[in-house]
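Close look at the chain arrangement
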Amino acid sequence: MTSDPLRLAGAAAALLLWLALCLAIAWVRRRAARAEKGEAGALLIAHASQTGFAAGIAQRTAEALRDAGVPVRLAPLGKVDAAMLGESRQALFVVSTTGEGDAPDEASRFVRGAMAAPGGLAHLDYALLALGDRSYDHYCGFGHALDHWLRESGARPATDLIEVDNGDPAGLRQWQERLRLFGADADAADWLPPRYGAWRLAARTHLNPGSPGGEVHLIRLDPPAGEAPLWSAGAIAEIYPGPFAHAAEGDHAHRAYSIASLPADGAVELVVRLMHDPEGRPGLGSGWLCRTALAGEPIALRLRDNPAFAAPDPDRPMILIGNGTGIAGLRAHLKARPFGSENWLIFGERHAATDSLFADELIHWTRSGHLARLDRAFSRDDPARPYVQHLIAHRADAVRDWVANGAAIYVCGSLEGMAAGVDAALTDILGREALETLTDETRYRRDVY
Ligand SMILES: Cc1cc2nc3c(=O)[nH]c(=O)nc-3n(C[C@H](O)[C@H](O)[C@H](O)COP(=O)(O)O)c2cc1C
């Protein structure tokens, strides 16, 4: 112990300063936490995402603002209601468009509720990021519809709506800059898309030889050397369709595929149908994976979570519905379902003889009880042209029973024909309101394309 009064005073001052600092930090944290609970008007960040991209950008937006000390509240648009909008002074909307100019499923409650009539939002300043793809007729259709409603409701745009075409980095940079209007740091680094890893084409298996339909291949990709990447059922692989060395420049051109395997399989497996353009040339993405890439070739791949197609509660029964390459996302879910879970697969293709994708696995799962029910519709084997929606209609009572027992319904495959037909069949069986409730409870989820 020192008896020097000067040193004692110095130590006391340092202690006081430290205490003051602790108190200040605690106060700032408490204020931010209180604001995030909505008590003191946190900045609202709402996302509407079908395949996970908008959700990811909303997450990054939230981090950029939190890093600058701005209290934020992040929520899917479907969880936003009039009260939440009423107590927010500022809001950011990150929304994609799906279907033909439609809102993502996770926004449907908001579209039916809040957006049914103009709201009183004169107190609200907002900015809106609309994600879309110019190759669709209704480019950023839902983003524009939401923007229109916000203006009609009296909300004030702090900046013009920003459109992002197919993940274009220039549009994202613009959005990132505009976040300064809401308190984000001016000198934050540009958001870069996640880097591609150099995966390896380990195997390519033709799954439907002899089929009159397009070739379907199982593409097995081994992780980059020394890495053991993790992903969950429902996740998506983004692939640059060309030599790995070119991937960094060609970021814009990636293709997205539902992953058909789990990390425990040791590889990403994709189910890819070889597509052709009107001149008969192989499609860019599918041609690369099914034809051009050589065995052992490095493949530029990055993983993306898709919260909108994440696994249901393991205790819930699950009805999985899909057609064609849509089996990919359903297979990952079936692999992830725990022992003893209740699962029902309804799958459609053309011919039983050539298009029974993963037949061995499905039979094995049926024998072991992992699949409590397996129903397959082979449309070209039967003059009645049965599709999955017809199977659903024929088994209406069982569908009702499963749903009454808490089942979640997952749909993966083509939007045209299948997803719309399934939606109509489920509406017939369960009623529109019940299906809307299932959507709101995330018990009806879709990964369709
Ligand atoms: C089945 C499907 C339908 C789509 N329809 C549209 C559309 O009508 N208009 C549009 O601008 N973009 C459309 N897109 C593109 C998406 O909006 C775009 O890929 C967006 O980045 C997806 O964001 P998300 O992952 O958050 O849903 C569609 C994409 C898919 C897969």
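- An unreviewed UniProt entry annotates the chain as NADPH--hemoprotein reductase of Sphingomonas naphthae.

A few points about the overall build of the chain
- Looking only at helices and strands, the chain features 14 helices and 17 strands.
- Each principal axis of the C-alpha distribution contributes one length, and for the chain these read about 95 × 55 × 50 Å.
- Within the chain, contacts between residues separated by at least 24 positions form 74% of all contacts whose residues are at least 6 apart in sequence.

Quick notes on the UniProt feature "domain: Flavodoxin-like" (unreviewed entry) in the chain
- On the UniProt side, "domain: Flavodoxin-like" (unreviewed entry) is annotated at positions that read residues 43-180 here.
- For the annotated span residues 43-180, helix accounts for 35% and strand for 23% of the residues, and the straight-line distance between the end C-alpha atoms is 13 Å.

Describing the packing of helix 13 (residues 415-430) against helix 14 (residues 432-440)
- Two numbers describe how helix 13 lies on helix 14: the axes approach to 7 Å, and their chain directions differ by 115°. In this structure, helix 13 contributes Leu-426, Thr-427 and Leu-430 to the contact, and helix 14 contributes Arg-432, Ala-434 and Leu-435.
- A breakdown of the residues in the contact of helix 13 with helix 14 according to their chemical character gives four nonpolar, one polar and one charged.

A look at the site of the ligand
- The local shell around the ligand holds 26 residues, among which Ser-49, Phe-53, Ala-54, Ser-96 and Gly-132 are the closest.
- Broken down by secondary-structure element, the contributors of at least two residues to the shell around the ligand are helix 2 (53-67) and strand 4 (125-132).
- Among the residues forming the shell around the ligand, the class breakdown is 11 nonpolar, 13 polar and two charged.

Here we look at the environment of Gly-322
- Among the secondary structure elements, Gly-322 is positioned in strand 13 (residues 318-323).
- C-beta crowding within 10 Å serves as the criterion here: with 29 such atoms nearby, Gly-322 is assigned to the buried category.
- Remark: the alpha-carbon pair of Gly-322 and Gly-348, spanning 26 residues in sequence, is separated by 6.5 Å.
- For Gly-322, the residues in contact, after removing those within four places along its chain, are Ile-327, Leu-330, Phe-347, Val-411, Cys-412 and Gly-413.

Some thoughts on the sheet that holds strand 17 (residues 444-448)
- Strand order in the open sheet made by the five strands is 15-14-13-16-17, with parallel pairing throughout. Two strands lie at the open edges of the sheet, namely strand 15 (373-378) and strand 17, each paired on one side alone. Averaged over all neighbouring strand pairs, the angle between strand axes comes to 10°, with direction disregarded.
- With five bridges connecting them, strand 13 and strand 16 (residues 408-413) associate as parallel partners. Bridging across to strand 16, Leu-320 finds its partner in Tyr-410.
- Helix 8 (residues 327-336) contacts strand 13, strand 14 (343-349), strand 16 and strand 17 of the sheet and is inclined by roughly 155° relative to strand 13.

Digging into the pairing of strand 7 (residues 197-206)
- As paired strands, strand 7 and strand 12 (residues 298-304) are joined by four bridges and run antiparallel to one another. Among the inter-strand pairings, Arg-200 is bridged to a residue of strand 12, identified as Pro-298.
- Relative to strand 8 (residues 216-222), strand 7 runs antiparallel, the two being bridged by six bridges. When the bridges of strand 8 are listed, Arg-204 appears paired with Ile-219.

Quick look at helix 12 (residues 396-404)
- Val-399, Trp-402 and Val-403 are the residues of helix 12 that are buried. Here the buried residues of helix 12 occupy an arc of 95° about the axis, which is enough to place them on one side. Opposite the buried face of helix 12, at more than 90 degrees from it, the exposed residues are Asp-397, Asp-401 and Ala-404.
- The elements touched by buried residues of helix 12 are strand 13, strand 14, helix 11 (388-394) and helix 13.

Some thoughts on the pairing of strand 3 (residues 90-96)
- Of all seven residues making up strand 3, seven are buried, and the element is well covered by its neighbours.
- Alternating residues of strand 3 divide into Gln-90, Leu-92, Val-94 and Ser-96 and Ala-91, Phe-93 and Val-95, and every residue in both groups is buried.
- Bridge count for strand 1 (residues 43-48) against strand 3 is five bridges, and the pairing is parallel. Within strand 3, the residue paired with His-47 across the bridge is Val-94.
- The pairing of strand 3 with strand 4 spans seven bridges and is classified as parallel. Along strand 4, the bridge assignment pairs Ser-96 with Leu-131.

Observations regarding the sheet that holds strand 12
- Pairing is antiparallel in the open sheet, where six strands are placed in the order 10-9-12-7-8-11. Both edges of this open sheet fall to strand 10 (255-258) and strand 11 (268-273), since each of them pairs with a single strand only. Averaged over all neighbouring strand pairs, the angle between strand axes comes to 40°, with direction disregarded.
- Across the face of the sheet, helix 7 (residues 284-292) comes into contact with strand 7, strand 8, strand 9 (236-239), strand 10 and strand 11 while running at roughly 115° to strand 11.

Thoughts on the nonpolar core
- Counting 66 residues, the largest nonpolar core has Ile-259, Leu-270, Leu-301, Ile-319, Leu-345, Ile-409 and Val-422 as its most contacted members.
- Ranked by the residues each element gives to this core, the list is headed by helix 13, at six residues.
- Leu-85, Ala-91, Leu-121 and Leu-146 belong to the second-largest nonpolar core, a separate cluster that totals 46 residues.

Let's talk about the confidence of the model for the chain
- Chain-level statistics for the chain give a pLDDT mean of 93 and a share of 95% at 70 or above.
- In the predicted complex, the global pTM is 0.87; the interface-specific ipTM is 0.96.

Thoughts on unusual backbone geometry
- The phi dihedral of Asn-166 is positive, around 50°, even though this residue is not glycine.
- One can find Asn-166 in the loop between strand 6 (162-165) and helix 6 (169-178).
- One non-glycine residue, Phe-358, adopts positive backbone phi at about 55°.
- Structurally, Phe-358 can be placed in the loop between helix 9 (352-355) and helix 10 (359-368).

Concerning the environment of Ala-396
- Positionally, Ala-396 belongs in helix 12.
- The class of Ala-396 is partly exposed, set by 14 C-beta atoms lying within 10 Å.
- For Ala-396 and Leu-16, which are 380 residues apart along the polypeptide, the C-alpha to C-alpha distance reads 72 Å.

About the cut-offs
For every chain, the first residue of the written sequence is number 1, and numbering continues from 1 along that sequence. In view of the model being predicted, local features appear only for residues whose pLDDT reaches at least 70, and side-chain atom pairs are presented and counted only at 80 or more, with totals across whole chains, interfaces and linings using the full set of residues. Each helix corresponds to a stretch of at least 4 residues labelled H or I by DSSP, and each strand to a stretch of at least 2 residues labelled E; elements are numbered beginning at the N terminus. Throughout, a pair of residues is in contact if the C-beta atoms placed from their backbones lie within 7 Å. UniProt positions are given in the numbering used here, feature names are shortened, and annotations may be inferred rather than shown by experiment. Angular values range over 0 to 180 degrees, each being the angle between N-to-C directions of two axes fitted as lines to C-alpha atoms, with helices fitted over their stretch in contact. Here the term charged refers only to Asp, Glu, Lys and Arg, the term nonpolar to Ala, Val, Leu, Ile, Met, Phe, Trp, Tyr, Cys and Pro, and the term polar to all other amino acids, Gly among them. For each residue, a C-beta atom is positioned from the backbone; the residue is called near a molecule or strand if that atom sits within 6 Å of it. Exposure criterion: with C-beta atoms placed from backbone coordinates, a residue whose C-beta has 20 or more other C-beta atoms within 10 Å is buried, one with 12 or fewer is exposed, and one in between is partly exposed. Strands are treated as partners if at least two bridges between them are detected by DSSP. The reported arc concerns the directions from the helix axis to the C-beta atoms and nothing else. Joining buried Ala, Val, Leu, Ile, Met, Phe, Trp, Tyr and Cys residues through C-beta atoms within 7 Å gives a set, and that set is a nonpolar core. The pLDDT value tells you how sure the predictor is about a given residue, anywhere from 0 up to 100.

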